[in-house]
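Residues per chain are reported as follows:
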Amino acid sequence: MKPPSQESTQAGKKPVLELKDISKAFGQMNAVERVSLEVWPGEFVSLLGPSGCGKTTTLRMIAGFIAPTEGRIILGGNDITNVPAYRRDVGLLFQSYALFPHMTVRGNVGFGPKMRGEKSGAVAEKVRWALSLVKLEGFEDRRPNELSGGQQQRVAIARVLASGASMLLLDEAFSNLDAKLRGRMQEEVRELQLRLGIATVLVTHDQEEALAMSDRIVIMNGGKVEQIGTPKQVYSSPESLFVADFMGRCNRIEGQLTHDGAKGWFLDCGPAGMIRFEAPPHPEARPGEHCRVFMRPEHLTLSQRTGDHGQGLRGEVERLVYLGSRSVAYVILDGGIPFQVHLPNTPGSKDEFPINGVVAVVPQPGAVTLLPD
Amino acid sequence: MKLHVTRRGLLLTYVTLFFIYLEGPLAVIVLSSFNSGQIVRFPPEGFSLKWYGALMDLVRNAPDMKPELLNAVYTSLWLGVASTIGAVIAGTLGAYALQRAKIPGTNILRQLFLLPLLFPQIVTGIGLVLWFSAVGGVPTWMRLLLGHLIISLPCVVVTVTASLETLDRSLEDAAMNLGANRVKTFLFITLPSIQGGVLAGAIFAWLTSFSNFTVTYFLFSGEMNPFPLWLYQYIEYYIDPGAAALATCVLLITLSVLLMINRLQALGRVVAVSK
Amino acid sequence: MSSAVAIGVGVKHLKKHLQTDWFAPALFAPGILVLLPLVGAFVMLVRYSFNDWDPMLGMVPAWTLENYYYVFTDPAQFKGLVTTLRISLVVTVVCLFVGYPVAVAISQAGRYRGLLMFLLVTPMLTDVLIRAYGWMVILGPNGPVNSLLMASGLSSGPARLMYTELAVVLELIHENIPFMILPLAAVLERINPALNDAAMNLGASPARTFFHVTLPLSRPGIIAGTLLVFALSSSAFVAPLVLGGGNVSVMTTLMQQTMLTTLNWPQGSAQSVVLVGLVLVLLAGYGWVLSRGRRTT
Ligand SMILES: Nc1ncnc2c1ncn2[C@@H]1O[C@H](COP(=O)(O)OP(=O)(O)OP(=O)(O)O)[C@@H](O)[C@H]1O
Ligand SMILES: [Mg+2]
C-alpha cells in the first residue's frame, strides 16, 4: 500500500530539512548554539547527548513550538523559521504519546487530516491506511486508556503518519517502554521508516538506541554539535574526548611515544608498561611525543603472561562481574589507572583470573585509538 | 495505651458535639418546618405537613404573595443562569489567558480577576451604586446582572485555573503539530480537557448568584426582587413555619448542588473561593 | 556609533514586541469588560470620600479629609468601629479555640476526612440568610435555648436573645469557623507524624509534645486562620442586619444607613475605603503567610 500523498519522500538532491546556524537562548542561558544540520530524504538522524544539552529544544524549534533566537530553518526548500507550528507538516511523536484522552483511536488518528480540512471520506481512508501500517485494525473505537503502552505508541505513530507529515520527529519516543518492548518498537519504527522512506529525526540520550536505529548521529553537548557521523564513525573515530566518552565506556591512558626501529611504535605508559602500535599512530608521529589514547573494553583481552615486554599493560584484577553473555573485569593498572575489560563467556570458559591476580591487558589489533586534544 | 484510647474518645466526643452545633441551625429549620402549630417553635408541638401545603397555597392562591414569590424565584433563576453563562465565558477565557499570556502586567490582571473576592461584598455593592448613578440610565436588570457577573466570575476563574494546572500541555502541542490552529486547539482539545473545572465553576457561580444577598441588596428595586431579598422581607414580618418550609426547599437545592460539586471533586477548590 | 547601536537595540525590541503572541492576551477582554466597572466603582469611592456633603445640596466636589476624620471621631461611627473590632476579636478568639481540636481531628481522620470536610463546608456554602434564619429560630422566644432555660427554671419568662450582640457573635462564629479550621487542618496535615513520635520517644508527655512540637509547627495555620476570620467578621453584613435587628451598629450597617438613608455618599465612601483598607491589610497578611508556608514546605 502506498501513502495517499507523499511526494517529498522520493530520493532527491535537496535535503528535506536544513538547520542553518540556529540558536536559542532562554534569558542568559544558551540552550542551543549555532546548530547546523541537513537531513536528506529517507534518512534517519539521531540527536544524541546528555540531559540538558538542548536536544528537545532543537526538536521543538523544528516543530515550531519555540522560535530560534538566531538562524533559519528550511523545510523542503521553504524557509519556515516564522511559520506557526500548525502550518508546518512535520509530525512530532511525543514521549508521553499525548493521545487525546477524550477521543477514540479513530478520532485521534483522524484529527490531523480533519484539521487540515479534508473531507470525511478522505479522513476515514487515511485512518484506515495509517492503522493498517501499525497493525492496529479493529481498535478504532477504543479510547487511549483502554490500550497498552505499546498500542498507545502505535496509535501515536499512526496519528502522525495520517496527518501526512513530510518528516518525522521523535522525542525520547521509546523511553516510556520496558526494555523488551522498547527493542521491538525500535525495530518496527525503523522498518516502517525505511518502508515509507520518510526522513526522521530522533532525540535520545540512549547511545545504543541511536546506534541501532540511525543512518547518522549528531552528538550534542552543552547546546553545541560535537560531531556528526555514521554510527561507526562516532563510535570508533570520535573527534573529541566527549564523544569518545559518551559513546561507550572507554579506557583512557597516556604516555610517551617511542620508536624501536625493528619492533615499530610503542606508547610508554610508565609503571603499567607499553602498548604496541601496528602502524604509526598518526602520519606525523615523532618519538618522544606525548599522546593520549583510548580503547573500548570489548577490544581488550586479558592474559596471565605478564613478562613479555610490549605485550600489554600490567595490572591486578580487582573485581569480576558476571553479566551472562560476558563478564566484566575491573583491573587496576600498575600506577593506579582503572581499566575495564569485557570477557566473552563461551561454554568452555572457566574463571581463570582470580581476584588480586596479576594480569596483562592486551589490546586487539587496531583497538588503540589516538584521542584528539 | 489506655490513655491514648481515652484521648481519642474525648476528641471524638468533642468533634461529634461540634458537628451537631454546626449543622444545628440547618436541622432546626428543617424540623420546625414540620411544626403543626401556628408559629415557629422548637421543639415542635406536633408533626404536620401543613406548612408545605400552605406554601403551595401561597404560590397558588394568596393574591398578594403569589406573584411576588413567583417573581422573586423567577428573577433569581434567570439572573443566576445569565450571570453563570457570562461568568463561564469570561472566567474560562480569563483563566486560560492568565496561565498562558506572556505579557507584562499579567500578575496585576491576576489580582484584578480575584478582586471581587478580596473586596467586602458590601463595598462592591455600594461602589456599584455610585458607578451606576454616575453612568445613569442603566435598567435594574442590567445592574443586577453586572453585579452578579462580578461576584460569580472568580468562582469560575479559580476552578478553571486549577483544572488548567493539571492539563497536559503536550496535548495542545500535539494538536498544533497535527495542524489545528489556536482556536481549534482551544475548542477541540483544551476545553474538553478542562470541562470538569468549567462545570464545577458554573455550578458554583450559579449558587453564588442565586444565594447572594449583600450585593443584590444595594442593586435591586421594587419591580425586580430576587429571592434572597424576598425571603429577607418575609422573615422580617412573619414568624410562621411557612418560611421554614420555604427555607427547607432552598436548603434541599443547595445540598444537591453541593453534592454535585462534590462528585466533581471540586469542593476543595470551591471552598478556596467562597467569600 | 553608539546611536546606531541604540537604534539596533530599539528595532530588536520593537520586533520582539510585534512578535508577541496576542492570542492568549486577547482572551482577557471579556473578563476585563466585566471587572472594569468594579475598578471604576472603587476609584469613584476613593474620589467621593474626599468630597463635601451638604444636607441641602447633597454632594459637593472638594478635596477634604473631613469624612475620614469623622469615621474616627463621630461618636456613632467610632462606636460602630469599636463594636466591629470587638465582635471580630471575640469571634476570632472563639473560632481559634473551638476550631483547633476539630482541625486536629480532621488532620487525623484518615478515610473519614472527606465526610468531615463535606459536613464542615455544607453550612458554609448555604445561603447566609437561611443560616441566619436558623439562628433566629434557635434564639427566638419559642426556640430551643429559651425552652431549656425555662424548663430548667433558670429563667421564668423567655430571655431576649434575638437582636443582641450575642446573637450576631453566635452567628458569625458559626459562619466563619470553617475558615479557621481549613487552614489549620491544612497545616496540621503537613506536620510529619514522625516528629510527634520522636518527641514522645524522647520522653515528652502528650501535653508537652503538643506545646513544644505541634503548636509551634501549626503557627502559620493559626495566623492565616486568625487573619481570615477577622477580615470576614469585620466585613460581615447579613448577620448584623438580620440578627442585630437595628440594635447592633457595626461598620457595615452604618455604611448601609449612610448610603441608603442619609444619602451622605462622601461619608459612606470614606467608611467603605476604611473597611477595604482594613480587610485588604488582613488579607495581604493572610496571603503572605500562605505563600511563605508554601515556600518552606
Ligand atoms: N522554557 C525554558 N525556559 C528556560 N530554560 C529552558 C527552557 N526549556 C529548556 N530550558 C533549558 O535549556 C537547556 C536544554 O534543554 P532541553 O530540554 O533541550 O534538553 P534535553 O537535551 O532535551 O535534555 P533531556 O535529555 O533531559 O530531555 C536545559 O538546560 C534547560 O534547563
Ligand atoms: Mg528532552
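A short tour of the structure in this document, coming up. (Residues numbered from 1 in each chain as written. Chains lettered and ligands numbered in written order. Predicted model: local features only at pLDDT ≥ 70, side-chain atom pairs only at ≥ 80, totals over all residues. Heavy atoms only, no water.)

1. Things to note about the packing of aromatic side chains
Part 1: Scanning the model with the defined rule gives 25 aromatic pairs over all chains in all.
Part 2: Arranged with centres 5.6 Å apart and planes meeting at 10 degrees, the rings of Phe242 of chain A and Phe246 of chain A form a pair that is stacked. Placement of both Phe242 of chain A and Phe246 of chain A in helix 8 (residues 241-246) is noted, with a separation of four residues, approximately one turn of the helix.
Part 3: Relative accessible area serves as the criterion here: at 17%, Phe246 of chain A is assigned to the buried category.
Part 4: Ring centres of Tyr217 of chain B and Phe237 of chain C lie 5.4 Å apart, and the angle between their planes is 65 degrees; this geometry places the pair in the edge-to-face category. With Tyr217 of chain B in helix 10 (residues 214-219) and Phe237 of chain C in the loop between helix 12 (219-234) and helix 13 (238-244), this pair bridges two chains.
Part 5: We classify Tyr217 of chain B as buried; its relative accessible area is 13%.
Part 6: Taken together, the ring pairs connect Trp206, Phe210, Phe227, Trp230 and Tyr234 of chain B into an aromatic cluster. (Phe/Tyr/Trp six-rings, centres within 6.5 Å; stacked < 30°, edge-to-face > 60°. Helix = DSSP H or I, 4+ residues; strand = E, 2+ residues; numbered from the N terminus. Buried < 20%, exposed > 50% of the residue type's maximum accessible area, 1.4 Å probe, protein only.)

2. Regarding the packing of helix 5 (residues 75-107) of chain C against helix 9 (residues 165-190) of chain C
Residue and element names in this part refer to chain C.
Part 1: Helix 9 packs onto helix 5 with a crossing angle of 45 degrees between their chain directions and a minimal axis gap of 6 Å. What the angle tells us is that helix 5 and helix 9 run oblique. The handedness of the crossing between helix 5 and helix 9 comes out as right-handed.
Part 2: When its residues are assigned to classes, the contact of helix 5 with helix 9 shows 22 nonpolar, five polar and three charged. (Axes fitted to C-alpha atoms, helices over the stretch in contact; angles between N-to-C directions. Parallel < 35°, antiparallel > 145°, perpendicular 65-115°, else oblique. Left-handed = near helix turned anticlockwise from the far one by under 90°. Nonpolar A, V, L, I, M, F, W, Y, C, P; charged D, E, K, R; others polar.)

3. Here we look at the pattern of salt bridges
Part 1: In total, this model carries 20 salt bridges over all chains according to the counting rule given.
Part 2: Among the ionic pairs, Arg34 of chain A bridges to Asp21 of chain A, the shortest N-O distance being 3.4 Å. Highlighted residues: Arg34 of chain A in strand 2 (residues 29-39) and Asp21 of chain A in strand 1 (residues 17-26), separated in sequence by 13 residues.
Part 3: Residue classification places Arg34 of chain A among the exposed positions, given a relative accessible area of 59%.
Part 4: Look at Asp21 of chain A and you get partly exposed, because its relative accessible area is 32%.
Part 5: The salt bridge partner of Arg314 of chain A is Asp334 of chain A, with a shortest N-O separation of 3.2 Å. Taken together, the residues Arg314 of chain A in strand 16 (residues 312-322) and Asp334 of chain A in the loop between strand 17 (326-333) and strand 18 (338-344) connect sequence positions 20 residues apart.
Part 6: Under the relative-accessibility criterion, Asp334 of chain A is labelled partly exposed at 32%.
Part 7: Each of Arg100, Arg169 and Glu172 of chain B takes part in one network of salt bridges that share partners. (Salt bridge = Lys/Arg side-chain N within 4 Å of Asp/Glu carboxyl O.)

4. Quick look at the sheet that holds strand 5 (residues 78-79) of chain A
All names here are of chain A.
Part 1: Across the sheet, four strands lie side by side as 2-1-4-5; this open sheet has antiparallel pairing. With one partner strand each, in any of the chains shown, strand 2 and strand 5 form the two edges of the open sheet.
Part 2: Pairing analysis gives two bridges linking strand 4 (residues 70-75) to strand 5, with the strands arranged antiparallel. When the bridges of strand 5 are listed, Leu75 appears paired with Asn78.
Part 3: Sheet contacts for helix 1 (residues 55-63): strand 1, strand 2 and strand 4; angle to strand 1, the most-contacted strand, approximately 120 degrees. (Pairing = 2+ DSSP bridges. Contact = heavy atoms within 4.5 Å.)

5. What to know about the interface of chain B and chain A
One widely used convention gives an interface's size as the accessible area the parts lose upon coming together.
Part 1: Each partner contributes to the interface: chain B provides 18 residues, whereas chain A provides 24 residues.
Part 2: At the junction of chain B and chain A, the tally comes to one salt bridge.
Part 3: Measuring nitrogen to oxygen at the nearest pair gives 3.0 Å for the salt bridge that ties Asp173 of chain B to Arg60 of chain A.
Part 4: Remark: the boundary between chain B and chain A carries five residue pairs in polar contact (both at pLDDT 80 or more).
Part 5: Mapped onto the side of chain B that touches chain A, the elements with two or more residues apiece are helix 7 (169-177) and helix 8 (182-193) of chain B.
Part 6: No other element matches the seven residues that helix 7 of chain B contributes to the side of chain B that touches chain A.
Part 7: Tallied by class, the residues present in the side of chain B that touches chain A amount to nine nonpolar, five polar and four charged. (Polar contact = N/O pair within 3.5 Å; in protein donor to acceptor, adjacent residues only side chain to side chain.)

6. Observations concerning the interface of chain B and chain C
Part 1: With 83 residues of chain B at the interface, the matching set in chain C holds 83 residues.
Part 2: Together chain B and chain C conceal approximately 7400 Å² of surface at their shared face, both sides included; 83% is due to carbon and sulfur atoms.
Part 3: The interface formed by chain B and chain C holds zero salt bridges in total.
Part 4: Our count for the chain B to chain C interface comes out at five residue pairs in polar contact (both at pLDDT 80 or more).
Part 5: The biggest single contributor to the side of chain B that touches chain C is helix 1 (residues 2-32) of chain B, with 16 residues.
Part 6: In the side of chain B that touches chain C, the residues fall into 63 nonpolar, twelve polar and eight charged. (Buried area = accessible area lost by both parts, 1.4 Å probe.)

7. Focus: the nonpolar core
Part 1: Counting 172 residues, the largest nonpolar core has Phe213 and Phe227 of chain B together with Leu120 and Tyr133 of chain C as the members making the most contacts within it.
Part 2: Examining the composition of this core, we find that 13 residues originate from one element, helix 9 of chain C, more than from any other.
Part 3: Counting contributing residues, this core receives three or more from each of domain 1 (3-48) and domain 2 (68-296) of chain C.
Part 4: If you look at the next biggest cluster of nonpolar residues, it comprises 44 residues, including Phe65, Ile80, Phe94 and Phe111 of chain A. (Core = buried A, V, L, I, M, F, W, Y, C linked by side-chain atoms within 4.5 Å. Domains from an automatic or database assignment.)

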